[in-house]
Amino acid sequence: MDMLSEKLRTIYNECGADALFLERDFLRQYLTGFYSTDGYVVLDGETCSFVADLRYFEAAERALRGNGVTVIEGGYSKALELVNGKKTLGVAYPFTDAARYLALQKAGFALVDCMPALKHAMEIKSEEEIFRIQKACEIAEDALISLLPELKEGMTETDAAALLEYKMRAFGAGGVSFDTIVAFGANGSVPHHETGETRLKFGDPVLIDFGCKWKGYCSDCTRTFLFGDDKKHEEFKKVYAEVYAAHELVKEKLTAGMTGREADAIARDHLASKKLSEFFTHSLGHGIGLQIHEYPVLAPRGEEVLRDGMVFSDEPGVYLAGKLGIRIEDSVMLQQGKVVSFMTKTERNLIIL
């Protein structure tokens, strides 16, 4: 039995339904290895079928030949034929809309949530998944290194974001992991600032939160800089040093067997000791894979145990409304019980451009 078949059988058995019926793009790709914007995967105890219309059929048949997935031409009605006679269907509740849920119920199926089984499998990354994430991280860092000398006074946040996204594509990315965030000056105080027309000025802090995909898998990175030193940013430098310390403490102290809550507390407790924790307004991290936000969750609510093979972000931040925002983020993984960063090319210490 090959590894793919073993993975699919484990997911099927853990779900406990007569068949899984999935149509969300990243779940289709996880189960089959083929990306498409449309289609259905039907997985039962014997076969895994990918139902694709003529936009994808030829490419899917070629790509999936020999890997144990049967490619069938058609759409929703064809996918329903494959589960004819089944009583229970596993669907991914968080990624199934109400209309589809009700339609499957009306067709006579009892529905169960197969997302716990999928989540359990997807949390631990295979060697191939790790390789793809590593490649996405390398491309992202290469693009940032190429961008920094081209940041010029007067350019807009949108200019910088567009140039960075172009460079990621030029270095081989298949797309962006999410809309690139570029925040100049005080705009960084909004953790998910909407990149806009603010122009870069000498002395501005520059926060860039970005990532790209390689063969479907995401990278996620944030770096914060000063665009020249106008000697007016002593508070910024002091806060930066504490965010940096929190980021590095996570790498030093986080170990397999901790919960997401305990991991978050490493950074949060350090910032609390500097009277900054109230300004750390988001969680320490999130899982990374085919989606930019996956499991595990490293947050005060995170009770899941962290294990080797999990990939997630390490991104403490401090945000003083209307004044400044600082975030330092790496994509990392747990390996032999310890944190290993995918980001090896760019500095985390404060850089003055």
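Look up: the structure comes first, before these words.
Just so we're clear, the structure is a prediction, and the values are computed from it rather than from any experiment.

Colleague: I tried to follow the overall build of the protein on my own but got confused; where do I start?
Modeller: If you tally the helices and strands in the protein, you get 10 helices and 19 strands. For 353 residues, the compact-globule formula gives about 20 Å, and the C-alpha radius of gyration of the protein, at 22 Å, lands near that figure. Per-residue burial over the protein gives 53% buried out of 353 residues. Looking at the protein alone, contacts between residues at least 24 apart form 62% of all its contacts between residues at least 6 apart. Of the accessible surface of the protein, which amounts to about 15600 Å², a share of 52% is contributed by carbon and sulfur atoms. The centroid of the 41 positive side-chain charges in the protein is displaced by 1 Å from the centroid of its 54 negative side-chain charges.

Colleague: Just to check I follow, could you spell out the packing of aromatic side chains for this structure?
Modeller: We describe a pair of aromatic rings using the distance from one ring centre to the other and the angle between the two ring planes. Evaluation of the coordinates by the stated rule reveals nine aromatic pairs. Aromatic side chains Phe131 and Trp214 sit 5.8 Å apart centroid to centroid with 75° between the ring planes, which places their arrangement in the edge-to-face category. Of the two residues, Phe131 is situated in helix 7 (residues 127–147) and Trp214 in strand 10 (residues 212–214); the sequence distance between them amounts to 83 residues. Looking at Phe131, the relative accessible area reads 47%, which means it is partly exposed. Judged by its relative accessible area of 16%, Trp214 is buried. Where Phe236 meets Tyr240, the ring centres are 6.3 Å apart and the plane angle is 35°; that geometry is what we call tilted. In this pair, Phe236 and Tyr240 both sit in helix 9 (residues 234–253), four residues apart, roughly one turn of the helix. Taken as a pair, Phe236 and Tyr240 share a single burial class, namely buried. Three or more aromatic residues joined by ring pairs form one cluster here, namely Phe21, Tyr40 and Tyr76. The ring of Tyr30 has Lys7 sitting right over it, with the charged end atom 4.1 Å from the ring centre. Over the ring of Tyr295 we find Lys119; its NZ or CZ atom is 4.3 Å from the centre of that ring.

Colleague: Mind showing me how you'd approach the pattern of salt bridges here?
Modeller: Oppositely charged side chains are able to pair whenever their charged atoms sit close together. Within this structure, the stated rule accounts for 25 salt bridges. We note a salt bridge from Glu235 to Lys323, for which the minimum N-O separation is 2.9 Å. On the criterion of sequence distance, the pair formed by Glu235 in helix 9 and Lys323 in the loop between strand 16 (317–320) and strand 17 (324–327) is long-range, its members being 88 residues apart. Look at Lys323 and you get partly exposed, because its relative accessible area is 48%. Each of Arg223, Glu248, Lys251, Asp330 and Arg348 takes part in one network of salt bridges that share partners.

Colleague: I keep staring at the pairing of strand 4 (residues 69–73) and nothing clicks. Help me out?
Modeller: Each regular strand carries side chains that alternate between the two faces of the sheet. In the sheet, strand 3 (residues 48–52) pairs with strand 4 via five bridges, with the strands oriented parallel. In the strand pairing of strand 4, Phe50 is matched with Val71.

Colleague: In this structure, what is going on with the packing of helix 7 against helix 8 (residues 157–170)? I would like to understand it.
Modeller: Packed helix pairs are specified by the crossing angle of their axes together with the interaxial distance, meaning the distance between the axes. One can describe the packing of helix 7 onto helix 8 by two numbers: an axis separation of 8 Å at closest approach and a directional angle of 130°. Comparing the axis directions of helix 7 and helix 8 gives the class oblique. Considering how the two elements wind past one another, helix 7 and helix 8 form a crossing that is right-handed. Residues Ile139, Ala140, Ala143, Leu144, Ser146 and Leu147 of helix 7 form the contact with helix 8, whose own contacting residues are Ala160, Leu163, Leu164, Lys167 and Met168. For the contact of helix 7 with helix 8, the residue count by class is nine nonpolar, one polar and one charged.

Colleague: What is the right way to look at helix 9 in this model?
Modeller: Working note: α-helix, 3.6 residues per turn, so residues spaced by three or four point in the same direction. Here helix 9 contains 20 residues, and its C-alpha end-to-end distance of 29 Å stays within 8% of the 28 Å for a straight helix at 1.5 Å per residue. The complete set of buried residues in helix 9 reads Phe236, Val239, Tyr240, Glu242, Val243, Ala246, His247, Leu249, Val250 and Lys251.

Colleague: Help me understand unusual backbone geometry in this model?
Modeller: Both trends apply: most residues other than glycine have a negative phi, and most peptide bonds are in trans. Tyr295 connects to Pro296 through a cis peptide bond whose omega is 10°. For Pro296, the position within the fold is in strand 14 (residues 294–298). Of note, the phi angle at Gln336 is positive, near 50°, even though the residue is not glycine. If you trace the backbone, Gln336 turns up in the loop between strand 18 (330–335) and strand 19 (338–341). You can call Gln336 exposed: its relative accessible area is 77%.

Colleague: I'm lost on the side chain of Arg268 in this one. Help?
Modeller: Residue placement: Arg268 occurs in helix 10 (residues 260–273). On the accessibility criterion, Arg268 (18% relative accessible area) is buried. Leaving out residues up to four positions away in the same chain, Arg268 has contacts with Ser277, Phe280, His282, Ser283, Leu284 and Pro300.

Colleague: Help me understand the packing of helix 2 (residues 25–32) against helix 6 (residues 115–123), please; the structure alone is not making it clear to me.
Modeller: The geometry of helix 2 relative to helix 6 is characterised by a closest axis approach of 12 Å and an angle of 60° between their N-to-C directions. By the angle between their axes, helix 2 is oblique relative to helix 6. Pair helix 2 / helix 6 crosses with left-handed handedness. The segment helix 2 lies against helix 6, with Phe26, Leu27, Tyr30 and Leu31 engaging Met115, Leu118, Ala121 and Met122. A breakdown of the residues in the contact of helix 2 with helix 6 according to their chemical character gives eight nonpolar, no polar and no charged.

Cut-offs and rules
Residues numbered from 1 in each chain as written. Predicted model: local features only at pLDDT ≥ 70, side-chain atom pairs only at ≥ 80, totals over all residues. Heavy atoms only, no water. Helix = DSSP H or I, 4+ residues; strand = E, 2+ residues; numbered from the N terminus. Rg over C-alpha atoms; globule rule 2.2 N^0.38 Å. Buried < 20%, exposed > 50% of the residue type's maximum accessible area, 1.4 Å probe, protein only. Contact = heavy atoms within 4.5 Å. Areas by Shrake-Rupley, 256 points an atom, 1.4 Å probe, with all protein chains shown as cover. Lys, Arg positive; Asp, Glu negative; His and termini not counted. Charge placed at Lys NZ, Arg CZ, Asp CG, Glu CD. Phe/Tyr/Trp six-rings, centres within 6.5 Å; stacked < 30°, edge-to-face > 60°. Lys NZ or Arg CZ within 6 Å of the ring centre and 35° of its normal. Salt bridge = Lys/Arg side-chain N within 4 Å of Asp/Glu carboxyl O. Pairing = 2+ DSSP bridges. Axes fitted to C-alpha atoms, helices over the stretch in contact; angles between N-to-C directions. Parallel < 35°, antiparallel > 145°, perpendicular 65-115°, else oblique. Left-handed = near helix turned anticlockwise from the far one by under 90°. Nonpolar A, V, L, I, M, F, W, Y, C, P; charged D, E, K, R; others polar. Expected span 1.5 Å × (residues − 1).

Purely geometric stuff here, so don't read any function into it on its own.
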